[in-house]
Amino acid sequence: MTIESYSKFVIDSPFFESLTKPISSRPVPWEGYARSNQLSIDEADSMKKLDIQEIQEKIDTIDSNVALYSTKVLAVLNKLDRNDAIENLLDLIAKTYTDNNTRGPLVLLNGLLELNNIDSSLPFNTIAKFLDNQNETIQMLSSYDLTILLISAPKSMRISNDIVSNLFQLITTQFLVSENKNLVFFGIQLLKELLSISSFRHIFWSFQSNFFPPLYKLLNQNSTDLQLRYYTLLSIWLLSFNKEISIKLPELYKDIIAKYLSLSKDSVKEKIVRLAVSTLANFISIPKNENIIKVFLYEKAVDIFNQLIERKWADDELKQDLSLILTTLNDAVVNLTTFDQYEIELSKEQFNWSPPHKSEEFWIENVTKFKENNFKIFVQLIKLLQLSEDEQDAIFIFESLSKEQQQQFTLNQAIICHDLGMVVKHLPESIKFLEKNPSLKYTIMNLMNSQNADVKYEALRTTQILVSHSFTV
Amino acid sequence: MSGRSPLSDNQVADELKKMETFIKKEADEKAKEIRLKAEEEYEIEKASIVRAEINSIDSLYESKFKKAALAQQITKSTIANKTRLKILAAREQTLDKIFEEAEEKLKKISQDKKTYKPILKSLLEEGLLSLLEKKVTIRVRKNDVSAAKEIIDEARKDFEAKAGFAVDVSIDESNYLSSEIAGGVVVINSTGKIEVNNTLEERLKLLSETALPGIRLELFGPSKSRKFFD
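The structure reproduced in this document is the subject of the present report. On a predicted model such as this, the values are computed, not experimentally measured, just so you know.

**Observations concerning the side chain of Glu201(B)**
Residues and elements named next belong to chain B. As for its position among the elements, Glu201 is in helix H4 (residues 200–220). Comment: no salt bridge for buried Glu201; closest opposite-charge side chain is Lys107, at 5.0 Å. Only 3.1 Å separates the side chain of Glu201 from the backbone nitrogen of Ala182, close enough to count as a polar contact. Beyond its immediate sequence surroundings of up to four residues, Glu201 is in contact with Glu103, Leu106, Ile181, Ala182 and Gly183.

Printed below as a string of structure tokens:
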């Protein structure tokens, strides 16, 4: 059994390097431990043999009898409770793997993984033991070692969920929230490696209430560390590969879409935009998920993506994702532009700039509905423009509304004016109707004097249409 | 980049190296992203292909299974049918044989004058009673003529007693019944239009029809699948 699809995971952390560099040159009293019966003579012997300075020699020694050395390493780790020995051996595992100038970096790793066939708790449980060690170096070494073992293990190997979740717990609840920025950076790199494995994503998500918030918090920090942001986005992107996670994430963390949209819009670096857009593409690609599309539309995603797609991007995948999202959104807009939606807004007396209002096709198709029942809806709309027939009354009532209600009311006014203009434009008969009921016309024109700029604008436009059509009718 | 002192060669080399490392790192990151996305797409594709194949295998199996079941059904019912037909044929053969033998035995009856004469008389009487005419002609075999003449009067007497009027019976001596038949009499009315065939053959034929159900029941037991008995 060998490691499949090998691609080396080297940690980018000067902090980690500085901690671990002196370890290999620190002598460990193996014989002493043998004499005090903490180790067997064989074990001490094997360890002594590995106490060579040069990495290549260490590897060659191990290679001469892989099974033996792997077993002995784990045995010592299990038995000996001495920090110097533990650090030495954990570091051995790490260094033989990461060193760039050696032949056979996988030798020890493979050897350790082979032991899983003999005892399914090996090698993971042995290493996992050190995850909650007092010594920070040992924690970092063991979490790194465990990570490389986990990602290098063949798919067929059965790995206990507890091991993985314990590792996630260490990373998310300790490393990612640490005051020490180096530790945060260290942790996020481990996380992004682990999350590249689909089954681990499942495990992560099953404890999401504990594990995800620290990750999410990193995203919201406006830190300038680009790489940290990149790795955070990478981790969440990997999570979004799982369908259930893609559905649940926006439900549980309601502002995630807004956050990602602003990242896409504002980030300077292409790779950040690339990941943000790709994650959004994953969210939106869940079939039959109308809610998420509504959120997108609410957050003005269409405009944002129209802008984004204009920019010059070097990355092909980014361009593909952008056009994918735009097509999905545009299709959704067409579907959502129905008269039913409009009626719902009318009945709730809460208008907002939803797709029906702005779409020309909507008006062309549905304008006859406004004519029905003696222009019932038309009149209804106009009535909503005023709070009361009497001007003084209207002002009085307006003042008594809450700020939110006032805002909604003015928004209503603006939108209704716009809508009325649309109706008039597509249905000239409505003008005749207005002529017969000049008070209605008066209401609209009055709004040109409104305080609110939007309302003024819409009222002006509508009046403009009214006037221009009156002459042609 | 104004305001900087010109770089030494070493510094230039350094900067180049830094840029190179940076570019390589960015490329590695993108390569990794591509690989991860590709793996994910591979998994999805594989899963959907596997699903599709499983579905098609399932439906293939089901249609094969249905076909086989149907074929088995057909064979079963064909065999059942054939067997039934065989049984029915065998039964029919047996019944036919019975009547054939009866027919053979019939021929013997007429040879025994003692038993045959009363039979002939009864046959004639029956024929007269069914016609209820005042004048009839009868036809018999050539060798029965004498026997017939002997029993005519008795038959006429019994008829008159039962019917209330007399009948005139004459033997048609121009038209005999075939001497091949077992015996009996054909009674014809005066106009020659109504015939009562009371030959032994005819009687056997009638009997075979009426007695068939009883014989069948006797030989083969009640029919297990019969539903209607009226």
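Here the narrative resumes, following the displayed structure.
**Points about the side chain of Thr20(A)**
Inspection of the secondary structure puts Thr20(A) in helix H1 (residues 14–20). In this structure, Thr20(A) is in contact with Asp91(A), Lys95(A) and Leu141(A), ignoring residues within four places of it in sequence.

**Considering helix H16 (residues 256–266) of chain A**
Inspection of H16(A) places Ile256(A), Ile257(A), Lys259(A), Tyr260(A), Leu261(A), Leu263(A) and Ser264(A) among the buried residues, and these make up the whole buried set. On the buried face of H16(A), the contacting elements are helix H13 (208–220), helix H14 (226–239), helix H15 (243–252), helix H17 (270–284), helix H18 (290–298) and helix H19 (301–310) of chain A.

**A few points about the packing of helix H1 (residues 9–109) of chain B against H4(B)**
All names here are of chain B. Two elements in contact, H1 and H4, have axes separated by 10 Å at closest approach and are oriented at 140 degrees. Regarding the angle of H1 to H4, the classification is oblique. Seen along the crossing, H1 lies across H4 with a hand that is right-handed. Judged by residue contacts, Arg91, Thr94, Leu95, Ile98, Phe99, Ala102, Glu103 and Leu106 of H1 engage Leu200, Glu201, Leu204, Ser208, Leu212, Ile215, Leu219 and Phe220 from H4. Looking at the contact of H1 with H4 residue by residue, the classes come out as 11 nonpolar, 2 polar and 3 charged.

**Considering helix H5 (residues 66–79) of chain A**
Residue and element names in this part refer to chain A. Its 14 residues give H5 an end-to-end C-alpha distance of 20 Å, which sits within 8% of 20 Å, the value for a rise of 1.5 Å per residue. Burial in H5 covers these residues: Tyr69, Ser70, Lys72, Val73, Leu74, Val76 and Leu77. The elements touched by buried residues of H5 are helix H2 (30–35), helix H3 (41–50), helix H4 (55–64), helix H6 (83–98), helix H7 (107–114) and helix H8 (124–128).

**Section: the environment of Ser450(A)**
All names here are of chain A. As for its position among the elements, Ser450 is in the loop between helix H27 (438–446) and helix H28 (453–472). Sequence separation of Ser450 and Thr410 is 40 residues, and the distance between their C-alpha atoms is 9.3 Å. Residue contacts for Ser450: discarding those within four places in its chain leaves Val455 and Lys456.

**Some points on unusual backbone geometry**
Residues and elements named next belong to chain B. The backbone of Leu132 shows a phi angle near 55 degrees, a positive value even though the residue is not glycine. Here Leu132 shows up in the loop between helix H2 (113–131) and strand E1 (135–139). With relative accessibility at 47%, the residue Leu132 sits in the partly exposed group.

**Quick word on the sheet that holds strand E4 (residues 195–199) of chain B**
Residue and element names in this part refer to chain B. Read across the sheet, 4 strands follow the order E2-E1-E3-E4 without closing on themselves; strand pairing throughout is mixed. On the outer flanks of this sheet lie strand E2 (168–171) and E4, each paired with one strand and no other. In this sheet, adjacent strand axes meet at a mean angle of 25 degrees when their direction is disregarded. Of the pairings in the sheet, the one linking E1 to strand E3 (residues 184–189) comprises 4 bridges and is antiparallel in character. What sits directly across from Arg139, in E3, is Val186. H2 contacts E1, E2, E3 and E4 of the sheet and is inclined by roughly 25 degrees relative to E3. Helix-sheet contacts for H4 involve E3 and E4, and the interaxial angle to E4 is about 90 degrees.

Parameters and conventions
Residues numbered from 1 in each chain as written. Chains lettered and ligands numbered in written order. Predicted model: local features only at pLDDT ≥ 70, side-chain atom pairs only at ≥ 80, totals over all residues. Heavy atoms only, no water. Helix = DSSP H or I, 4+ residues; strand = E, 2+ residues; numbered from the N terminus. Buried < 20%, exposed > 50% of the residue type's maximum accessible area, 1.4 Å probe, protein only. Lys, Arg positive; Asp, Glu negative; His and termini not counted. Salt bridge = Lys/Arg side-chain N within 4 Å of Asp/Glu carboxyl O. Polar contact = N/O pair within 3.5 Å; in protein donor to acceptor, adjacent residues only side chain to side chain. Contact = heavy atoms within 4.5 Å. Axes fitted to C-alpha atoms, helices over the stretch in contact; angles between N-to-C directions. Parallel < 35°, antiparallel > 145°, perpendicular 65-115°, else oblique. Left-handed = near helix turned anticlockwise from the far one by under 90°. Nonpolar A, V, L, I, M, F, W, Y, C, P; charged D, E, K, R; others polar. Expected span 1.5 Å × (residues − 1). Pairing = 2+ DSSP bridges.

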